[in-house]
Amino acid sequence: MRKPFVAGNWKMNKTSDQATLLAADMLPGLEAVKTVERVICPPFTSLMVLSGMLADSEVKLGAQNLHWEESGAYTGEISPAMVKEFCQFVILGHSERRAYFGDTDESVNKKVKAAFAHGLIPIVCVGETLDEYESGKTAEVVTRQVKNGLKEIESENAEKLVVAYEPIWAIGTGKAANPEGANAVIGGVVRQNLAELFGNDRAQKIRILYGGSVNGQNAASFFQQPEIDGGLVGGASLKAEDFVKIVESAT
Ligand code: PGA
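Only a predicted model underlies this, so the values are computations on that prediction, with no experimental measurement involved. Throughout, a residue's number is its position along its own chain's written sequence, starting from 1. Where local features are concerned, this predicted model is filtered to residues with pLDDT of at least 70; where side-chain atom pairs are given and counted, the filter is 80 or more; whole-chain, interface and lining totals use all residues. Side-chain metrics rest on all non-hydrogen atoms present in the structure, leaving aside hydrogens and water.

## Regarding helix α5 (residues 105–117)
To be explicit about the condition: Helix numbering and strand numbering both begin at the N terminus, where a helix is a DSSP run of H or I of at least 4 residues and a strand a DSSP run of E of at least 2. Multiplying 1.5 Å by the residue count of a helix minus one yields the expected span of that helix. Accessible area is worked out with a 1.4 Å probe on protein chains only. A residue is then buried under 20% of its type maximum, exposed over 50%, and partly exposed in between. Any two residues having at least one pair of non-hydrogen atoms within 4.5 Å are treated as being in contact.
Here α5 spans 18 Å end to end across 13 residues, near enough to the 18 Å set by a 1.5 Å rise per residue. The complete set of buried residues in α5 reads D105, S107, V108, N109, K111, V112, A114, A115 and F116. Where α5 is buried, its residues contact α3 (80–84), β4 (89–92), α4 (95–100), β5 (121–126), α7 (138–149) and α8 (155–158). A positive backbone phi angle near 75° is found at G119, which sits one or two residues after α5.

## Structural notes on the pattern of salt bridges
For clarity, the cut-off: Definition used for salt bridges: Asp or Glu carboxyl oxygen within 4 Å of a side-chain nitrogen of Lys or Arg.
Scanning all chains against the criterion turns up 15 salt bridges. Note that D103 is salt-bridged to K111, the shortest N-O span being 3.2 Å. A single burial state applies to D103 and to K111, both of which are buried. When salt bridges with common partners are traced through the structure, they connect R2, R191, E227 and D229 into a single cluster.

## Notes on the packing of α7 against helix α9 (residues 179–198)
Note the following rule: To get an axis, fit a line to the C-alpha atoms, keeping to the stretch in contact for a helix; angles then go from 0 to 180 degrees between the N-to-C directions. Should the near helix be turned counterclockwise from the far one by less than a right angle, the crossing is left-handed, whereas a clockwise turn marks it as right-handed. Gly falls in the polar group here, along with every residue not listed as nonpolar (Ala, Val, Leu, Ile, Met, Phe, Trp, Tyr, Cys, Pro) or charged (Asp, Glu, Lys, Arg).
With their axes 10 Å apart at the nearest point, α7 and α9 run at an angle of 35° to one another. Both α7 and α9 take part in a crossing whose hand is right-handed. Counting all contacts with α7, which are made through T138, A139, V142, T143, V146 and K147, the residues of α9 involved are V185, V189, V190, N193, L194, E196 and L197. Of the residues belonging to the contact of α7 with α9, the class tally is eight nonpolar, three polar and two charged.

## Focus: the packing of aromatic side chains
Our working rule: Centres within 6.5 Å make a pair out of two Phe, Tyr or Trp rings, where for Trp the six-membered ring is used; the pair is then stacked when the planes are under 30 degrees apart, edge-to-face when over 60, and tilted otherwise.
Taken as a whole and judged by the stated rule, the model has four aromatic pairs. Seen from their ring centres, Y210 and F222 are 4.1 Å apart, and the 5° between their planes marks the pair as stacked. Linking Y210 in strand β7 (residues 207–211) with F222 in helix α11 (residues 219–223), this pair joins segments that are twelve residues apart in sequence. Each member of the pair, Y210 as well as F222, carries the same accessibility label: buried.

## A closer look at unusual backbone geometry
A positive phi angle is found at E152, which is not glycine, with a value near 60°. Looking at the element boundaries, E152 is found in the loop between α7 and α8. Overall, the relative accessible area of 63% leaves E152 in the exposed class. One non-glycine residue, S213, lies in positive phi territory at about 60°. With respect to the helices and strands, S213 occurs in the loop between β7 and α11.

## Digging into the sheet that holds strand β3 (residues 60–63)
Hydrogen bonds along the backbone pair up the strands of a sheet, which may run parallel or antiparallel. Counted only if it meets this: Strand pairing is defined by DSSP finding a minimum of two bridges between the two strands.
Reading around the circumference, β1-β2-β3-β4-β5-β6-β7-β8 is the order of the eight strands in this closed barrel, with parallel pairing throughout. The mean inter-strand angle of the sheet, taken between neighbouring strand axes irrespective of direction, is 25°. Here two bridges tie β3 to β4, and the two strands are oriented parallel to one another. Looking at β4, one finds that G62 is bridged to F89. This element, α5, spans β4 and β5 of the sheet and lies at about 160° to β5.

Right, here's the structure in full:
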């Protein structure tokens, strides 16, 4: 049995004061849902204050990126050890990072290895563009992202992984994928490729999330799908009531 998992990706939103208010708003509701693994991923600048707030909480923190090097002359970057000071999780290879900041399957792979080396659990994002979707290339693109992004990951680490399938055309558009369709990609492509990489037993333990316009209304229809173990939530994770409702639908 895979424990349901819901993460809120706050993206580039909220100053640390605003983040504190938002977290305080959602915390009581989130605390109550013990059967779901709950993670919030604010900007780096809010991690310190939120890690204090969540010190005695089951709600965990994640970062939205890291650099694979330990330290050094990498202006503007954050190392795995710095993330590990405050976080248990880290989102890697989000489509916005791939589109605007040059993340590739190769750099994602380095980041995944660096995250594991520091005891962080990566939430690795994959997903196709609208063009790729419309031209029937979803399986090919997602296969490449999974195979290259997760190559040479040690098998013992592999089962801790979280993978998020996020069709790019569904992110922030209000046009969520069809739950059955997302389930088919997650089971037939993502988990299938994980089984080829790590063996079927391990692949069965890996949580695979759906992301892309998940909200309080549609969350349950995704989480009911047998292959979908939870969600990576953007916009709706910035509203306490909506995010709590989404987490509740994952029970
Ligand atoms: P969205 O974003 O829920 O706003 O579509 C999801 C994501 O980018 O992870």
